[in-house]
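Chains, contacts and geometry: an overview
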Amino acid sequence: MTRRLQKIERDAIFVYWKMGPLKNILFLARTLRRQPRMLKVRPALNLFFLRYLNHFRIKDSGGHWTVHSHLPPLNHKAYGRFINDHLLKRIDGPSHAQVGITNACPQKCSYCYNRERRGRAMDSETLLRLVRELKEMGVVWLGLTGGEPLLNPDIARIVEAAADGCAVKLFTTGSTLTLEKARELKQAGLYSVSVSLDHWRPEIHDRNRGLAGAFATALQAIEIFRKTGGIQVGVSAVVSREMVGRGQVEEFLEFLQGLGIDEAWLSETKPAVAAFWDQDQAIDPAEHRQLLLIQDRANRKRGMTVNYLGHFESRDFFGCNAGHKMVYIDASGEVSPCVFTPMTFGNIQQRPLKEIFTEMKSRFPSGDDCFINKNFPLIRELSRGRGFLDRAASLQVMDKAEFGQLSGFFRLYHRDPKGKKA
């Protein structure tokens, strides 16, 4: 490393030392040495990332230098691609994607974003081709979902196809998991797993999931993944307004801490299905701020990371990236802005993905509010009793949809180095 780069590195570390947890300094220094192109990123964006990192403790989770599971590990090839393709080259493609690899699932969650979706499931060759295309478009983080993705017998092949240059995360109920399957997924390159768990009381979780024994299945899956090693193990939890209002979220986090997991990924109940198109069930700004504070208080302590989706997509940080830098392709090939939006802009079994995404992105400028939280009343109005909108209805929604201002990240991203709008 040249003297100039060494000086820049020292200056960056000093700035971070003044702003963030001391334990992160070592990871920052090691990351700069591993990913030197970070130093070519516009200084304002690097400072933005430093401010964001101040809310987390970087950890070594199974050999992965992890901020949280929604970002590629800092020592992963995918993070280098994120820097090069999205921060330096500023390509138009998505950085994040989720793919449904099956519609099958033993659980019947009332708030499941997949419950109203129908259609013929893609075969394994189509899924493998889709994964390759997503990576070519710029995807560096891939979430595998469903249905229950473990029910796809070719899941290890799909993980392996994505894992070279892409951080792969699995969202699972834990159903059918064995130690042999967990080891196979690790060998294929799985980076992170989030096991669904919504409450510390078995009867409440089982009721939410519509299946007796769902709680026991989740705990067993967590233990299997922990025993496997080399995978960042977390829980994905849907937090109800009732839990927030009763002050139960921190009690729940204490329970999760006792499970020995690496991360608790939290999201409020989203109006992603017709049963939740009700303003009384949507989180309000005061509850949102409460969850932000809970995350920050938890992350000042040692132990698991708390990663609240509403923090990542808040106006101060990355905002809502649905349809802009995030894309969801369900198990039938329907292309949506994100998993929570019951809309389609086309099917990859009928039209090229790149063509569909380009059209969709032209209508999604990104904003500082969650798209579905802001626009579900419009979707309800235009749904005509349907829980999932076809392309024609989706385009009608977009003619009237509202977006907020640009988020903190995109305000900087769309400015030139002199501070003017690009």
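These notes cover the structure that comes with them. For clarity, every value in this text was computed on a predicted model and none was experimentally measured. Within each chain, residue numbers correspond to sequence positions counted from 1 in written order. Residues qualify for local features only when their pLDDT is at least 70, as the model is predicted, and side-chain atom pairs are given and counted only at 80 or more; totals for whole chains, interfaces and linings, by contrast, use all residues. Only hydrogens and water are removed before side-chain values are computed, so all heavy atoms of the structure are retained for them.

Here's the deal with the packing of helix H6 (residues 155-163) against helix H7 (residues 179-188)
Definition in use: Axes, fitted as lines to C-alpha atoms, cover a helix only where it is in contact. Angles between the N-to-C directions of the axes lie from 0 to 180 degrees. Helix numbers and strand numbers start at the N terminus; a helix is a DSSP run of H or I with at least 4 residues, a strand a run of E with at least 2. Note that the term roughly parallel is reserved for angles under 35 degrees, roughly antiparallel for angles over 145, roughly perpendicular for angles of 65 to 115, and oblique for everything else. Crossing handedness follows the turn of the near helix against the far one: under a right angle anticlockwise gives a left-handed crossing, and clockwise gives a right-handed one. Working rule for contacts: check all heavy atoms of both residues, and any pair within 4.5 Å makes them a contact. Under the grouping applied here, Gly and all other residues not named as nonpolar or charged are polar, the nonpolar ones being Ala, Val, Leu, Ile, Met, Phe, Trp, Tyr, Cys and Pro and the charged ones Asp, Glu, Lys and Arg.
Put simply, H6 and H7 touch, their axes get as near as 8 Å, and they point 20° apart. With respect to their mutual orientation, H6 and H7 come out roughly parallel. For the pair H6 and H7, the crossing hand works out as right-handed. Residues Ile 155, Ala 156, Val 159, Glu 160 and Ala 163 of H6 pack against Lys 181, Glu 184, Leu 185 and Ala 188 of H7. Among the residues making up the contact of H6 with H7, the classes are represented as six nonpolar, no polar and three charged.

Points about unusual backbone geometry
Cis geometry marks the peptide bond from Gly 146 to Gly 147; its omega dihedral reads 10°. Even without glycine at this site, Thr 176 takes up a positive phi of about 75°. Positionally, Thr 176 belongs in the loop between strand S5 (167-172) and H7.

Points about the nonpolar core
Note the threshold: Note on terminology: a nonpolar core comprises buried Ala, Val, Leu, Ile, Met, Phe, Trp, Tyr and Cys residues joined through side-chain atoms within 4.5 Å. Burial classes follow relative accessibility: with a 1.4 Å probe on protein chains only, a residue under 20% of its type's maximum area counts as buried, one over 50% as exposed, and anything between as partly exposed.
The biggest cluster of nonpolar side chains holds 133 residues, and the ones touching the most others in it are Leu 134 and Leu 256. In this structure Leu 134 touches Ala 97, Val 99, Val 139, Leu 142, Val 327, Ile 329 and Leu 353, once residues within four positions along its chain are discounted.

Brief notes about the pairing of strand S6 (residues 192-196)
Heads up, the rule is: Strands pair, by our definition, only if DSSP identifies at least two bridges between them.
Counting buried residues in S6 gives five out of five residues, a clear majority hidden from the surface. Of the two faces of S6, the one holding Ser 192, Ser 194 and Ser 196 and the one holding Val 193 and Val 195 are both buried throughout. Relative to S6, S5 is paired through four bridges, and the arrangement is parallel. Each bridged residue has a counterpart across the sheet, and for Leu 170 the counterpart in S6 is Val 193. Where S6 meets strand S7 (residues 232-239), five bridges bridge the pair, whose relative direction is parallel. Counterpart to Ser 196 in the pairing with S7 is Ser 236.

Things to note about the sheet that holds S6
Within the open sheet, the nine strands sit side by side as S9-S8-S7-S6-S5-S4-S3-S10-S11. Their pairing is mixed. The open sheet has two free edges, formed respectively by strand S9 (305-308) and strand S11 (335-336), since each of these has just one partner strand. Summarising the sheet, strand S4 (residues 141-145) and S5 pair through four bridges and their orientation is parallel. Across the sheet, the residue bridging to Gly 143 is Lys 169, located in S5.

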